[in-house]
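# Tertiary structure, described
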Amino acid sequence: MTLANRLHLRLEDISDRMQLSDITTARDPHKLYEQLRDEWGPVAPMDLEPGVPAWLVLGYDEASSVMRNELLFSRNSRNWRYVQERALPPDSGVFAALAPRESAYYLDGMQQRRLRAPLDDALGAIDEKRLARTVAVTCEAIIDRLMPRGEADLVKDYAVAVPVMVMTEMFGMSLSDGNKMHELTEAVYAGREKARAAAIEQESLLAVLVATHRAEPGEDLTTALVNHPNHENDVEVMASIGVMFSLGHDAEIAWIASTLHMILTDPAFAARVRRGRIDLDDALDEVSRRNPPAPHVLPRFARQDCELGGRRIAYGDALVPAVAAANADRAIRTDDPWEELGSRFHLTWGAGAHACPAHRIGPLIGRIAVDTLLRRILDMELSVSADSLKMSVSPWSRYPRSLPVRFTSPLTEGGPRTER
């Protein structure tokens, strides 16, 4: 087949498409990105799930264009051909994450602006000093419980526990509801057979949360969203809470876990962090650029036939911006890590109308979580080989499923623990 013919292939005409989750869970996804880039260019075909195709946007310029141009590329899945034609299989797992919702994250234009304002206002009103104290106290309490054991799974016991407990406090939830939201969010974004049931159960939990806070307001994000005048009904409030908790906690877990993973498995990176050659904010930014918490953001949908990266895009096609691939695009990258310190060219925080609204509090939580652990535990090391670590199963986030470590010399307030 000639290159000219390949450039004009429709998605459904391309066989042997790579599965998105196979890229996310691969030991080295960047090798797969380069393989796709070499074969297809900056826009490559893949499957969201078997038989459900989409374009994976690998190039920085192309991904930025898709994320910024909502007139051509919509976030509303009502513009997806597979939704319009009801072509998804009845047991589709990916639909749980992509189903239309009345939320700023899933809409465009004036509707998106109306529903984005409550998120920005609620997050903008957060007292950062109070939040920092909450995060610090939470981290210290979790580490205190881990200390006597001398071992831990830094994903389950820390990278998950910290964001869940902090966000439970922020939203005025019970800890049991926060843990349940975490479990349901994982199931929804894993895109497997239980995803739809998890999405329905999550809606029920949110309905009770909203009703409770409408009856008994508190000083929390849920009350702020319930009272915001831009919300026309409780369904919109539920959607706002759902997207803030689900995407926020998922990204924070991945960011903390990925940073700890790099410290434990990359001696050069660990040395730069431990010896102060790079401050923690820059270290976290480097992790977010190299291993974004969300390597693939939820799709945009073409509003009309167009061309992108030399590829024919048909009306109703889904396009997934591959943030991890775009950040590593050779057209914008250098080989000097010091030159990129403090750079914000990367797309990890999004771009355009759907850029992440938590750009202040996200780094604050991550920095305190990582700093507290490194300050309290000096000698942690993996208790398994680095090669045996597996990645999370979601196509939308990437971090190790577990980080089993052992340690023997934690710090106390007065310094290193000594024998008496």
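Higher on the page you've got the structure.
A short tour of the structure in this document, coming up. (Residues numbered from 1 in each chain as written. Predicted model: local features only at pLDDT ≥ 70, side-chain atom pairs only at ≥ 80, totals over all residues. Heavy atoms only, no water.)

### Section: the overall build of the chain
- Secondary structure assignment for the chain yields 17 helices and 13 strands.
- Taken against the 2.2 N^0.38 rule, which gives 22 Å for 420 residues, the C-alpha radius of gyration of the chain at 22 Å falls within 12% of a compact globule.
- Looking at the 420 residues of the chain, the share that counts as buried comes to 55%.
- Sequence separation of at least 24 residues holds for 73% of the intrachain contacts in the chain that already meet a minimum separation of 6. (Helix = DSSP H or I, 4+ residues; strand = E, 2+ residues; numbered from the N terminus. Rg over C-alpha atoms; globule rule 2.2 N^0.38 Å. Buried < 20%, exposed > 50% of the residue type's maximum accessible area, 1.4 Å probe, protein only. Contact = heavy atoms within 4.5 Å.)

### Focus on the nonpolar core
- The biggest cluster of nonpolar side chains holds 136 residues, and the ones touching the most others in it are Leu48, Leu56, Leu154, Tyr158, Met380 and Trp396.
- Per-element accounting of this core gives the leading share, 15 residues, to helix H13 (residues 234-265).
- If we ignore the near neighbours within four places in the chain, the residues touching Tyr158 are Cys139, Ile142, Ile143, Asp153, Pro163, Leu260, Ala369, Thr372 and Leu373. (Core = buried A, V, L, I, M, F, W, Y, C linked by side-chain atoms within 4.5 Å.)

### A few points about the sheet that holds strand E9 (residues 318-321)
- If you trace the six strands from one edge of the open sheet to the other, you get E1-E2-E3-E9-E6-E4, paired in mixed fashion. Strand pairing shows two members of the sheet lacking a second neighbour, strand E1 (18-19) and strand E4 (73-74), which therefore form its edges.
- The sheet contact formed by strand E3 (residues 52-57) and E9 spans three bridges and is parallel. Bridged to Trp55 within E9 is Leu319.
- In the packing of helix H3 (residues 29-40) onto the sheet, the strands contacted are E1, strand E2 (43-49) and E3, and the crossing angle to E2 comes to about 125 degrees. (Pairing = 2+ DSSP bridges. Axes fitted to C-alpha atoms, helices over the stretch in contact; angles between N-to-C directions.)

### A look at a positive patch on the surface
- The grouping of Arg27, Arg192, Lys390 and Arg401 at the surface amounts to a positive patch.
- Inspection of the secondary structure puts Arg401 in the loop between strand E10 (381-382) and strand E11 (404-406). (Patch = residues over 30% accessible without salt bridge, like charges linked within 9 Å, V, L, I, M, F, W, Y side chains within 5 Å. Areas by Shrake-Rupley, 256 points an atom, 1.4 Å probe, with all protein chains shown as cover. Salt bridge = Lys/Arg side-chain N within 4 Å of Asp/Glu carboxyl O. Lys, Arg positive; Asp, Glu negative; His and termini not counted. Charge placed at Lys NZ, Arg CZ, Asp CG, Glu CD.)

### Some thoughts on the sheet that holds strand E5 (residues 151-153)
- With antiparallel pairing, the three strands of this open sheet are ordered in space as E5-E11-E10. Strands with a single pairing partner mark the edges of an open sheet, and in this sheet they are E5 and E10.
- Relative to E11, E5 runs antiparallel, the two being bridged by three bridges. Bridged to Ala152 within E11 is Val405.

### Digging into the packing of aromatic side chains
- Scanning the entire structure with this criterion turns up five aromatic pairs.
- Through successive ring pairs, a cluster of aromatic residues spans Trp80, Tyr82 and Phe301.
- The ring of Tyr106 has Arg75 sitting right over it, with the charged end atom 5.0 Å from the ring centre. (Phe/Tyr/Trp six-rings, centres within 6.5 Å; stacked < 30°, edge-to-face > 60°. Lys NZ or Arg CZ within 6 Å of the ring centre and 35° of its normal.)

### Looking at the pattern of salt bridges
- Under the counting rule described, the total for this entry stands at 26 salt bridges.
- Asp266 is the partner of Arg290 in a salt bridge, and the nearest nitrogen-oxygen pair spans 3.4 Å. In this pair, Arg290 is assigned in helix H15 (residues 280-290) and Asp266 in the loop between H13 and helix H14 (267-274), connecting sequence segments 24 residues apart.
- Looking at Arg290, the relative accessible area reads 30%, which means it is partly exposed.
- In this structure, Arg406 engages Glu381 in a salt bridge whose closest nitrogen and oxygen atoms are separated by 3.2 Å. Taken together, the residues span a long stretch of sequence, with Arg406 in strand E11 and Glu381 in strand E10 at a distance of 25 residues.
- Taking relative accessible area as the criterion, Arg406 reaches 40% and is therefore assigned partly exposed.

### Concerning H15
- Burial analysis of H15 places nine of its 11 residues in the buried class, the great majority of the element.
- For H15, every residue scored as buried is listed here: Leu280, Asp282, Ala283, Leu284, Asp285, Glu286, Val287, Ser288 and Arg289.
- The elements touched by buried residues of H15 are H13, H14, helix H16 (323-327) and helix H17 (361-376).
- A distance of 3.2 Å separates the backbone nitrogen of Asp281 from a side-chain oxygen at the start of H15, and that oxygen is part of Asp279. (Polar contact = N/O pair within 3.5 Å; in protein donor to acceptor, adjacent residues only side chain to side chain.)

### A word on the pairing of E9
- Neither face of E9 is open: one carries Ala318 and Val320, the other Leu319 and Pro321, and all of them are buried.
- By the bridge criterion, two bridges tie strand E6 (residues 300-302) to E9 in an arrangement that is antiparallel. Bridged to Arg300 within E9 is Leu319.

### Overview of the environment of Val287
- As for its placement among the helices and strands, Val287 is situated in helix H15.
- Its relative accessible area of 0% is what places Val287 among the buried residues.
- A C-alpha to C-alpha distance of 7.8 Å links Val287 and Met262, two positions 25 residues apart in sequence.
- Residues in contact with Val287, not counting those within four places in the same chain, are Trp255, Ser258, Thr259, Met262, Phe269 and Pro292.

### Description of the side chain of Arg398
- Relative to the helices and strands, Arg398 is located in the loop between E10 and E11.
- Nearest to the buried, unbridged Arg398 among oppositely charged side chains is Asp28, at 6.6 Å.
- Reaching out from Arg398, the side chain makes a polar contact with the backbone oxygen of Ala26 at a distance of 2.8 Å.
- A distance of 3.3 Å separates the side chain of Arg398 from the backbone oxygen of Arg27, its partner in a polar contact.

### A few points about the pairing of E2
- For E2, the buried fraction is high: seven of the seven residues fall into the buried class.
- Looking at chain direction, E2 and E3 are connected through six bridges and run antiparallel. For Glu49, the partnering residue across the bridge sits in E3 and is Val52.
- Hairpin connection of E2 to E3: two residues between the antiparallel strands, including Gly51 at a positive phi of 85 degrees.

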